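So the chains spell out like this:
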Amino acid sequence: MTKVDFMFAIGYQGVSAIVDKNAKKQYAKLTGKQLAEKGFFKSAFCEALFDEDTARQEDVLSIYNKMSGENIATLDSMKRLLGVFEVPSHISKVTYI
């Protein structure tokens with residue numbers, strides 16, 4: 001699975017990732033920070049998670065806290081909130097909807 005497919009995945013079924021093709025087409029060129037500032041926190045966080053960049057993950061967390069008024073303290077809490085913990089290694093197909 002590519003980074004961009006992971007960023008815009010909306011679910012998984014077996015070995016397939018289900019990807020929002022319209023969101024991918026419209027927002028794939030934005031940086032993680034730009035995505036977060038537009039409210040696409042899951043996509044922004046997934047970009048940083050794919051690259052294993054904890055500093056960028058913290059940036060998304062900070063932007064989320066500022067925009068939402070929440071006080072999520074840890075990256076693990078943000079992962080639970082978004083339902084994204086790691087890049088799935090078993091994905092071999094991508095379905096675009």
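Caption draft 1: Spotlight on the sheet that holds strand E3 (residues 93-96). Taken in spatial order, the 3 strands line up as E1-E2-E3 in an open sheet, and their pairing is mixed. With one partner strand each, in any of the chains shown, strand E1 (9-13) and E3 form the two edges of the open sheet. Sheet twist, expressed as the mean angle between neighbouring strand axes with direction ignored, is 25 degrees. Inspection of the sheet shows E1 paired to strand E2 (residues 16-19) by 4 bridges, in the antiparallel sense. Along E2, the bridge assignment pairs Gln13 with Ser16.

Caption draft 2: Fine view of helix H5 (residues 54-68). Between its first and last C-alpha, H5 extends 21 Å over 15 residues, near the 21 Å set by a 1.5 Å rise per residue. Within H5, the full set of buried residues consists of Gln57, Val60, Leu61, Ile63, Tyr64 and Asn65. Buried residues along H5 sit against helix H3 (32-37), helix H4 (41-50) and helix H6 (75-82). The backbone nitrogen of Ala55 lies 3.1 Å from a side-chain oxygen of the residue at the head of H5, namely Asp53. The first or second residue beyond H5 is Gly69, which carries a positive phi of 80 degrees.

Caption draft 3: Structural view of unusual backbone geometry. Not every positive phi belongs to a glycine, and Glu52 is a case in point at roughly 55 degrees. Structurally, Glu52 is set in the loop between H4 and H5.

Caption draft 4: Just the pattern of salt bridges, in detail. The final tally for this structure, using the stated rule, is 5 salt bridges. Residue Arg56 is joined to Asp53 by a salt bridge in which the shortest nitrogen-to-oxygen separation is 3.0 Å. Note on Arg56: relative accessible area 28%, which makes it partly exposed. Given the relative accessible area of 22%, Asp53 is considered partly exposed. Among the charged side chains, a salt-bridge network with shared partners connects Lys3, Glu47, Asp51, Asp53 and Arg56.

Cut-offs applied
Residues numbered from 1 in each chain as written. Predicted model: local features only at pLDDT ≥ 70, side-chain atom pairs only at ≥ 80, totals over all residues. Heavy atoms only, no water. Pairing = 2+ DSSP bridges. Helix = DSSP H or I, 4+ residues; strand = E, 2+ residues; numbered from the N terminus. Axes fitted to C-alpha atoms, helices over the stretch in contact; angles between N-to-C directions. Expected span 1.5 Å × (residues − 1). Buried < 20%, exposed > 50% of the residue type's maximum accessible area, 1.4 Å probe, protein only. Contact = heavy atoms within 4.5 Å. Polar contact = N/O pair within 3.5 Å; in protein donor to acceptor, adjacent residues only side chain to side chain. Salt bridge = Lys/Arg side-chain N within 4 Å of Asp/Glu carboxyl O.

So yeah, pure geometry; function would need other evidence.
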